[in-house]
Amino acid sequence: MENISIQIAQTILSQIKYLDRSALMAWGAKNYVALPESKDFQGGVTFKVNGLTFKGWVKVELTWLDEYKVSFINKMAEVEKSYEGVYCDMLVDIIDYVEGKYAA
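Thresholds, definitions, all that
- Each chain has its residues counted from 1, following the order in which its sequence is written.
- Reporting of local features is limited, given that this is a predicted model, to residues whose pLDDT is at least 70; pairs of side-chain atoms are given and counted only at 80 or more, and all residues count toward the totals for whole chains, interfaces and linings.
- The side-chain numbers reported here are obtained from all heavy atoms of the structure, hydrogens and water having been left aside.
- The criterion for strand pairing is that DSSP finds at least two bridges linking the strands in question.
- The way it works is that DSSP assigns letters per residue, a run of H or I at least four long becomes a helix, a run of E at least two long becomes a strand, and they are numbered from the N terminus.
- Fitted lines through C-alpha atoms give the axes, limited to the stretch in contact for helices. The angle between two N-to-C directions lies from 0 to 180 degrees.
- By nonpolar core is meant a set of buried Ala, Val, Leu, Ile, Met, Phe, Trp, Tyr and Cys residues that side-chain atoms within 4.5 Å join together.
- Working definition: with a 1.4 Å probe on protein chains only, accessible area under 20% of the residue-type maximum means buried, over 50% means exposed, and in between means partly exposed.
- Every residue pair with non-hydrogen atoms within 4.5 Å of one another is taken to be in contact.
- Polar contact is the term for a pair of N or O atoms within 3.5 Å; when the atoms are in protein, one must be able to donate a hydrogen and the other to accept it, and sequence-neighboring residues count only if both atoms are side-chain atoms.

Some words on the sheet that holds strand S1 (residues 30-35)
Reasoning step 1: One open sheet accounts for five strands, arranged S1-S2-S3-S4-S5; its pairing is antiparallel. In this open sheet, the two edge strands, each paired with only one partner strand, are S1 and strand S5 (79-86). Each neighbouring strand pair of the sheet contributes to a mean axis angle of 15°, computed without reference to strand direction.
Reasoning step 2: Bridging between strand S4 (residues 68-73) and S5 involves five bridges; their strand directions are antiparallel. Directly across from Tyr68, in S5, lies its bridge partner Val86.

Observations concerning the pairing of strand S3 (residues 55-63)
Reasoning step 1: Note: strand S2 (residues 41-50) against S3, nine bridges, orientation antiparallel. Residue pairing in the sheet places Phe47 in a bridge with Val58 of S3.
Reasoning step 2: If you look at the hairpin formed by S2 and S3, you'll find four residues sitting between the two strands.
Reasoning step 3: Counting the residues in the hairpin turn of S3 and S4 gives four residues, including Asp66, whose phi is positive at 60°.

A closer look at the nonpolar core
Reasoning step 1: The biggest cluster of nonpolar side chains holds 25 residues, and the ones touching the most others in it are Trp27, Phe47, Val58, Val60 and Val70.
Reasoning step 2: Sorting the residues of this core by element identifies helix H1 (2-19), helix H2 (23-26), S2, S3, S4 and helix H3 (91-99) as the ones contributing at least two each.

Topic: the environment of Met25
Reasoning step 1: As for its position among the elements, Met25 is in helix H2.
Reasoning step 2: Overall, Met25 belongs to the exposed group, its relative accessible area being 68%.
Reasoning step 3: Residues Met25 and Asn50, spaced 25 residues apart in sequence, show a C-alpha to C-alpha distance of 9.8 Å.

Here's the deal with the environment of Thr46
Reasoning step 1: Note that Thr46 resides in strand S2.
Reasoning step 2: On the basis of relative accessibility, which here comes to 11%, the residue Thr46 falls in the buried class.
Reasoning step 3: With twelve residues separating them along the chain, Thr46 and Val58 place their C-alpha atoms 5.5 Å apart.
Reasoning step 4: Setting aside residues up to four positions removed in sequence, Thr46 forms contacts with Asn31, Tyr32, Val33, Leu35, Trp57, Val58 and Lys59.
Reasoning step 5: A polar contact of 3.1 Å, which involves the side chain of Thr46, links it to the backbone oxygen of Val58.

Given below as structure tokens:
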């Protein structure tokens, strides 16, 4: 089980890097943690970001329907925003949007 969790986390990070090679660096991403399988999720990854507008944790979870749930968790461990039904080609755009790269 542990190997599968790590593989899913690595796949998510690879998808982000494929879409934008410098995205993780631009977000100040660090402290990556693979998430275990649960009733609702196959696995995922969480990492700390230190961007211009959002500082905290980003959690990307893979659902059993092969969609992602992306959550933004502040330093008080509260979910600030959450997006469901996200596909791999949307990951960078959603995180960039919360980071303030795109004007609302």
